[in-house]
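For reference, the chains in residue letters:
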Amino acid sequence: MSLRQKTILILISILLITLLGFYFTVNVFILKGYASEIHQALKEEIFIVYILWNVLVFTLLYFFVFNPFIKFIHNIIEGVVKLKEGQIDSLRLEKQKEFSFLVQQINSFVEILKKQQKVIEEKEKLYKIIAENIEDLIIIFNKKAQIVYANPKAREYLEIQELKTSTKNLQDFVKNLLSLSDEERTFYREIKLPYQTWIGSWIIPIGDNDFLFIGRDITLFKAQEIKLFEAATRDPLTGLYNRRYLEDVLNKIWSSAKRGQKSTLLFIDMDDLKKINDELGHLAGDQVIKGIGNVLQKNIRDEDIVARWGGDEFVAVLRCSLKEAIAITERILKLIKGTKFVFTNKSIYASVSIGIVEIDGNKTIEELIKLADTLTYEAKKDGKGKIECLS
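Rules used throughout
- Residues numbered from 1 in each chain as written.
- Predicted model: local features only at pLDDT ≥ 70, side-chain atom pairs only at ≥ 80, totals over all residues.
- Heavy atoms only, no water.
- Helix = DSSP H or I, 4+ residues; strand = E, 2+ residues; numbered from the N terminus.
- Buried < 20%, exposed > 50% of the residue type's maximum accessible area, 1.4 Å probe, protein only.
- Core = buried A, V, L, I, M, F, W, Y, C linked by side-chain atoms within 4.5 Å.
- Pairing = 2+ DSSP bridges.
- Axes fitted to C-alpha atoms, helices over the stretch in contact; angles between N-to-C directions.
- Contact = heavy atoms within 4.5 Å.
- Polar contact = N/O pair within 3.5 Å; in protein donor to acceptor, adjacent residues only side chain to side chain.
- Patch = residues over 30% accessible without salt bridge, like charges linked within 9 Å, V, L, I, M, F, W, Y side chains within 5 Å.
- Areas by Shrake-Rupley, 256 points an atom, 1.4 Å probe, with all protein chains shown as cover.
- Salt bridge = Lys/Arg side-chain N within 4 Å of Asp/Glu carboxyl O.
- Expected span 1.5 Å × (residues − 1).
- Arc of directions from axis to C-beta.

A. Molecular detail of the overall build of the protein chain. Looking only at helices and strands, one finds 12 helices and 12 strands in the protein chain. Per-residue burial for the protein chain yields a buried fraction of 37% across its 391 residues.

What follows is the structure in structure tokens.
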């Protein structure tokens, strides 16, 4: 018998003895009250007899009522412990038939618990089979970034061999998820893993401390999405962004300019493209257009953007002041003049004229484009291969 069980039995025994003592004390006071009316000579004899009578009652109660009850409680506790450890299937207390109803109720309750446990185990087994074989990534983790469960597909995608709470890739991944706000976790998210792998995911709270992450490989879908985006926003000849995409970007840049962010617009027009087309053909002209687009793309910064506006025209937006933009434009102009384009073993040298305007948020996009185009025309009139800007 464990220390806890012994303590419970001792407390029950003390309680019963206390109740008996209380009963005995009350009777003593009653006896004293009656004894005051009895002859003084008989008082002590009657008191002794009354005490013996109560001792006898106490002894009979203890052996025939309290002791069996204490033993019954002891057997119940031992039986419950054995049930918990799986040593027996149900309580068996044949000798305490007077408590058979209680035993039946306990056994009935135990039977219900067993059935419920069996159902839970069967469902858990089914869910585990699904989780282990599904193509989705499933991870259960808590607020301390401890991994409770990760299915084989999650371990495969995160490049781990076995589930350990110290696994760096998985823990770093979970920590990034925990860094999101509650609102951000609620929504569908697309997460980019190494090697150009994309995962579409949902994060579902489980109780107060745990989270369920469900992810699905959307790499093929993402590749198709990117392909469609490129087809819709790129110029097929030069690979630069097209006019439609640039117009959307210009609207955003114009809004930023109204808040004080400096940007500069370049309108770039090729010189003498018609002459190249007439002498060497349109394929040669296309080759030069493509080459100039390549020079422009290679010589702007990551934060800048250049697009083919149409025909032999390009538009670039530089995220800098007018002074810095002029310096960048002069370098680009020099590079284009010094570039030799080869078509069917014939060398072609080209030049461009460029108009520069600052995007300050005061003029509309249409007004800026028109003004930059006008400046480009002025540069051509001034001898071609030059820069004109609005001072």
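B. Highlighting the nonpolar core. Among the nonpolar cores identified, the biggest contains 31 residues, and Ile268, Met270, Val288, Ile292, Leu296, Phe314 and Val352 are the most heavily contacted of them. At the level of secondary structure, the elements contributing two or more residues to this core comprise strand S6 (263-270), helix H9 (273-280), helix H10 (282-298), strand S8 (313-318), helix H11 (322-337), strand S9 (340-343) and strand S11 (352-359). Counting 20 residues, the second largest nonpolar core, distinct from the first, contains Tyr241, Leu246, Ile253 and Ile359.

C. Quick peek at the pairing of strand S4 (residues 197-206). In this sheet, S4 lies alongside strand S3 (residues 189-193) in antiparallel orientation, the contact comprising five bridges. Paired with Leu193 across the two strands is Thr197, which belongs to S4. Linking two consecutive strands that pair antiparallel, namely S3 and S4, is a turn of three residues; a positive phi of about 65 degrees is found at Tyr195 within it. Strand direction decides the pairing type here: S4 and strand S5 (residues 210-217), joined by eight bridges, are antiparallel. The residue of S5 that forms the bridge with Ile204 is Leu212. Connecting S4 to the next strand, S5, in antiparallel fashion are three residues, including Gly207 with a positive phi near 70 degrees.

D. Main features of the sheet that holds S5. Spatial ordering of the open sheet is given by S2-S1-S5-S4-S3, a layout of five strands whose pairing is antiparallel. At either end of the open sheet lies a strand with only one pairing partner, and these are strand S2 (147-150) and S3. The sheet shows a mean angle of 25 degrees between the axes of neighbouring strands, direction not considered. Sheet analysis places strand S1 (residues 137-142) next to S2, joined by three bridges and oriented antiparallel. Pairing of Phe141 across the sheet is with Ile147, part of S2.

E. Spatial organisation of the environment of Pro236. Following the sequence through the fold, Pro236 ends up in the loop between helix H7 (219-233) and helix H8 (243-258). Given the relative accessible area of 81%, Pro236 is considered exposed. In sequence terms Pro236 and Lys290 are 54 residues apart; their C-alpha atoms lie 9.9 Å from each other.

F. Here's a closer look at the environment of Lys384. Residue position: Lys384 is located in the loop between helix H12 (365-381) and strand S12 (387-389). Taking C-alpha positions, Lys384 is 7.5 Å from Ser351, a pair spaced 33 residues apart along the chain. Once residues within four sequence positions are removed from consideration, Lys384 is found in contact with Asp271, Asp272, Ser353 and Ala379. One polar contact links Lys384 to Asp272, side chain to side chain, over a distance of 2.6 Å.

G. Structural view of a nonpolar patch on the surface. A cluster of nonpolar side chains, Leu126, Tyr127 and Ile130, forms an exposed patch at the surface whose accessible area comes to about 320 Å². Among the structural elements, Leu126 can be located in helix H3 (residues 100-133).

H. Expanded view of H12. Given a rise of 1.5 Å per residue, 17 residues ought to cover 24 Å, and the 24 Å separating the end C-alpha atoms of H12 matches this to within 8%. Listed as buried for H12 are Ile365, Leu368, Ile369, Ala372, Leu375, Thr376 and Ala379. Down the axis of H12, the sector holding all buried residues measures 125 degrees, keeping them to one side. For H12, the exposed residues set more than 90 degrees away from the buried face come down to Glu366, Lys370, Tyr377 and Lys381. Its buried side turned inward, H12 meets H8, S6, strand S7 (305-310), S8, S11 and S12. One or two residues past the end of H12 sits Gly383, with phi positive at roughly 125 degrees.

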